[in-house]
Amino acid sequence: MNSEYLDGNHTMQNNTSDTIQVIQCRVTNDVFVNYCYLVINTESGQSVAVDPAWEISTIEEYLSRYQVDLCGVLITHHHSDHIDLAPALARAHDCSIYMSNMEYIYYNLSMDRVVLLDDGIDLTLGGITVHPIITPGHTAGSTCYLIDNALFTGDTLFNEGTGVCSAAGGDPVKMFRSMQLLKENIRDDVRIYPGHRYYSDLGTPFGKIKKYNIYLQIRDLDQFVKFRMRENKEVMNFS
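An account of the accompanying structure is given in this report.

Our next topic: the packing of helix α5 (residues 172-185) against helix α7 (residues 221-228). Here α5 crosses α7 at 120°, and the two axes come no closer than 9 Å. One finds that α5 runs oblique with respect to α7. Like other packed secondary-structure pairs, α5 and α7 cross with a definite hand, here right-handed. Counted together, P172, V173, M175, F176 and M179 of α5 and L221, F224, V225 and R228 of α7 form the full contact between these two elements.

What follows is the structure, given as structure tokens:
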């Protein structure tokens, strides 16, 4: 898998296989910074977008630059900074939006072109095999997507932490269980691509993240819940 970060004047790339390429799209809205992703099958010329938001011109530029068609939009959860452009992209490229059935029903969402997913049932889009893993905690139906050797985690798992569990549908107990699920099922060499970057590089192998992400080290449920729900006045800056 090729992992490439494109942001105006900067390009970074690492290679792990031949047919799947990950384009990291850094997008901003006021002070907020998100990362959405294009996952490209270089053989079929097809791609899927993960959590597209805010800068449609940036995403369209990458689709044009790599001369690929968009065949699907994957949504990790319903918060606006992850879903903002999904309807517009789906209409523009005549494709579907994919998200968990749990997320869609719990929040009473209403969107056109939506295909609802259940845990662990693979789908294939343009030659790209997508394995959804339902990981509630940040929201009721947050979903991670395993594609080839990459895991797209939205706000479930960051390199340095996890998403908050205090918004509607959030649950620290479920977040604890989601962390255990990932530890049990994701190989150490799988690269992690979250929705936000704080300090360390996106695409870091899971085995390395497990060594310094405290939420992946806590084994006791009560301790995890207490730590996750603590009052925390420290501000973590997006980058």
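Before going further, it helps to spend a moment on the pattern of salt bridges. All chains considered together, the criterion is met by 5 salt bridges. The residue E61 makes a salt bridge to R65 at a minimum N-O spacing of 2.5 Å. Taken together, the residues span about one helical turn, with E61 and R65 both in helix α1 (residues 56-65) at a distance of 4 residues. Since its relative accessible area comes to 44%, R65 is described here as partly exposed. Here D94 and R113 are joined by a salt bridge, their closest N and O atoms 3.1 Å apart. Pair noted here: D94 is in the loop between α3 (86-93) and β7 (96-100) and R113 is in the loop between α4 (101-106) and β8 (114-117), with a separation of 19 residues, a long-range link. D94 sits in the exposed class, given a relative accessible area of 61%.

As a further point, take the packing of aromatic side chains. Following the criterion strictly, the structure yields 8 aromatic pairs and no others. Relative to Y107, the ring of Y106 lies with its centre 4.7 Å away and its plane at 70°, an arrangement referred to as edge-to-face. What makes Y107 buried here is its relative accessible area of 16%. Taking the centre distance of 5.3 Å and the plane angle of 65° together, the rings of F176 and F224 count as edge-to-face. Of this pair, F176 sits in helix α5 while F224 is found in helix α7, placing the two residues 48 residues apart along the sequence. For F176, a relative accessible area of 10% puts it in the buried group. For F224, a relative accessible area of 0% corresponds to the buried category. Each member of the aromatic cluster is reached from another via a ring pair, and the members are F176, Y215, F224 and F227.

Conventions and cut-offs
Residues numbered from 1 in each chain as written. Predicted model: local features only at pLDDT ≥ 70, side-chain atom pairs only at ≥ 80, totals over all residues. Heavy atoms only, no water. Axes fitted to C-alpha atoms, helices over the stretch in contact; angles between N-to-C directions. Helix = DSSP H or I, 4+ residues; strand = E, 2+ residues; numbered from the N terminus. Parallel < 35°, antiparallel > 145°, perpendicular 65-115°, else oblique. Left-handed = near helix turned anticlockwise from the far one by under 90°. Contact = heavy atoms within 4.5 Å. Salt bridge = Lys/Arg side-chain N within 4 Å of Asp/Glu carboxyl O. Buried < 20%, exposed > 50% of the residue type's maximum accessible area, 1.4 Å probe, protein only. Phe/Tyr/Trp six-rings, centres within 6.5 Å; stacked < 30°, edge-to-face > 60°.

Don't take any of this as a statement about function, it's just geometry.
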